[in-house]
Amino acid sequence: MRTALVIGTGLIGTSAALALAGRGITVHLTDHDPAQAHTAAALGAGTDEAPEGPVDLAIVAVPPAHVAATLADAMRRGIARAYIDVASVKGGPRRELEALGCDLTSYIGTHPMSGKERSGPLAATADLFEGRPWVLTPTRDTDTEVLNLALELVALCRAVPVVMDADAHDRAVALVSHTPQLVSSMVAARLADADETAVRLCGQGIRDVTRIAASDPRMWVEILSANPGPVADVLTGVAADLEETVQALRALQSADDDKRAGGAEGIEDVLRRGNAGRERVPGKHGAAPTAYEIVAVLISDRPGELARIFADAGRAGVNIEDVRIEHATGQEAGLVQLMVEPAAAPGLSTSLRERGWSIRP
């Protein structure tokens with residue numbers, strides 16, 4: 001690949017353009033809003049000048065509802081040797097292209113499984129896709145050269161290719177992406193009118209659950225409108241669990257011992273099924289999840305403190321597998337949770353104490 005055209009310079013399109021431009025590909029940028037394409041170009045993602053002839057690969061990075069029409073127009077004008085889209089749903093756009101009579105040999109649907117709560121070119125980064133799955137949905141009609149160009153794009157963005165059927169992909173993202181977004185938003189919505197005293201008690205748990213609720217509603221309406229059936233199917237199961245959980249909680253209020261026992265069993269059941277599901281979430285580098293030991297360290301909110309604790313952990317010869325920070329309410333301090341291999345935890349705790357850190361149980 002030597003040349004590419006990115007159509008749509010939002011977060012995903014601009015991030016892909018930055019990655020390609022950084023690896024020597026000549027990237028052209030276009031957007032329905034010329035100012036957005038100009039911004040992406042100013043960031044180093046390429047040029048907003050039109051290519052002089054067909055490019056090797058056209059990357060359509062527009063909302064799902066506009067993918068088919070944008071691709072059909074690009075194919076009619078013959079602007080590229082190969083065409084892909086990066087929308088978060090795959091079955092619908094492909095069927096729309098078929099209905100429009102497009103030649104699908106030069107097209108492959110793709111979906112990079114990466115994003116942020118913020119959108120637009122200013123949120124883009126060249127490393128957005130590094131180490132993340134990038135789904136490819138070829139069909140029997142997909143030309144080999146087109147598939148190879150898509151794989152080259154994934155490699156240049158340092159992502160991990162995953163080949164799936166388009167409809168299977170849509171069911172999968174309904175489960176692992178689209179439904180979590182709605183559930184996170186529903187939980188966060190409970191905070192909107194909550195008493196200020198209650199809100200001030202927010203800890204890391206509520207921050208974790210509601211993080212993605214900060215996402216752009218307009219963007220998510222477009223995404224969910226393109227995949228409503230599979231998302232509704234997953235939510236139906238969630239709704240059934242919610243109803244059973246409500247009944248179990250009501251039973252815990254009963255004066256009847258048997259009803260309280262049944263309620264406790266119901267709550268334990270949903271929690272254990274949650275444990276089982278959480279254990280299936282891939283761990284580091286996509287491997288099986290690993291149980292890490294947490295070393296909790298009190299840290300002040302001053303420049304350089306995180307760097308210092310990481311350096312001290314390095315001096316102790318311990319690799320930090322993951323890290324979380326829980327900020328203290330009303331204080332310029334927080335609790336850093338260093339996740340390490342269980343065998344390394346005692347030695348790390350001792351070493352950090354010797355270096356003056358306060359270790360919390």
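Reading the values: the criteria
- Residues numbered from 1 in each chain as written.
- Predicted model: local features only at pLDDT ≥ 70, side-chain atom pairs only at ≥ 80, totals over all residues.
- Heavy atoms only, no water.
- Buried < 20%, exposed > 50% of the residue type's maximum accessible area, 1.4 Å probe, protein only.
- Helix = DSSP H or I, 4+ residues; strand = E, 2+ residues; numbered from the N terminus.
- Contact = heavy atoms within 4.5 Å.
- Axes fitted to C-alpha atoms, helices over the stretch in contact; angles between N-to-C directions.
- Left-handed = near helix turned anticlockwise from the far one by under 90°.
- Nonpolar A, V, L, I, M, F, W, Y, C, P; charged D, E, K, R; others polar.
- Pairing = 2+ DSSP bridges.

**Considerations on helix α4 (residues 91–99)**
Among all positions in α4, only G91, P93, R94 and L97 are buried. Looking at the buried residues of α4, the elements they touch are α3 (64–77), β5 (107–112) and α6 (166–192). Following α4 by one or two positions, G101 adopts a phi angle in the positive range, close to 75°.

**Looking at the packing of helix α10 (residues 228–252) against helix α11 (residues 257–278)**
Packing of α10 against α11 leaves a shortest axis separation of 7 Å and a crossing angle of 145°. Of the two possible hands of crossing, α10 and α11 adopt the one that is left-handed. The residues of α11 that touch α10, namely those facing D241, E244, T245, A248, L249, A251 and L252, are K259, R260, G263, A264, G266, I267, V270 and R273. The residue makeup of the contact of α10 with α11, split by class, is seven nonpolar, three polar and five charged.

**What to know about the sheet that holds strand β7 (residues 160–163)**
Spatial strand order, β2-β1-β3-β4-β5-β6-β7: seven strands in an open sheet with mixed pairing. Each edge of the open sheet is held by one strand with a lone partner, namely β2 (26–30) and β7. On average, each strand axis in the sheet is tilted by 25° relative to the strand beside it, whichever way the strands run. Relative to β7, strand β6 (residues 133–137) runs parallel, the two sharing four bridges. Bridge assignment links L136 to a residue of β7, and that residue is V163. Of the strands in this sheet, β1 (3–7), β3 (55–60), β4 (80–85) and β5 touch α3, which is tilted by about 180° from β4. Helix-sheet contacts for helix α5 (residues 144–156) involve β3, β4, β5, β6 and β7, and the interaxial angle to β4 is about 60°.

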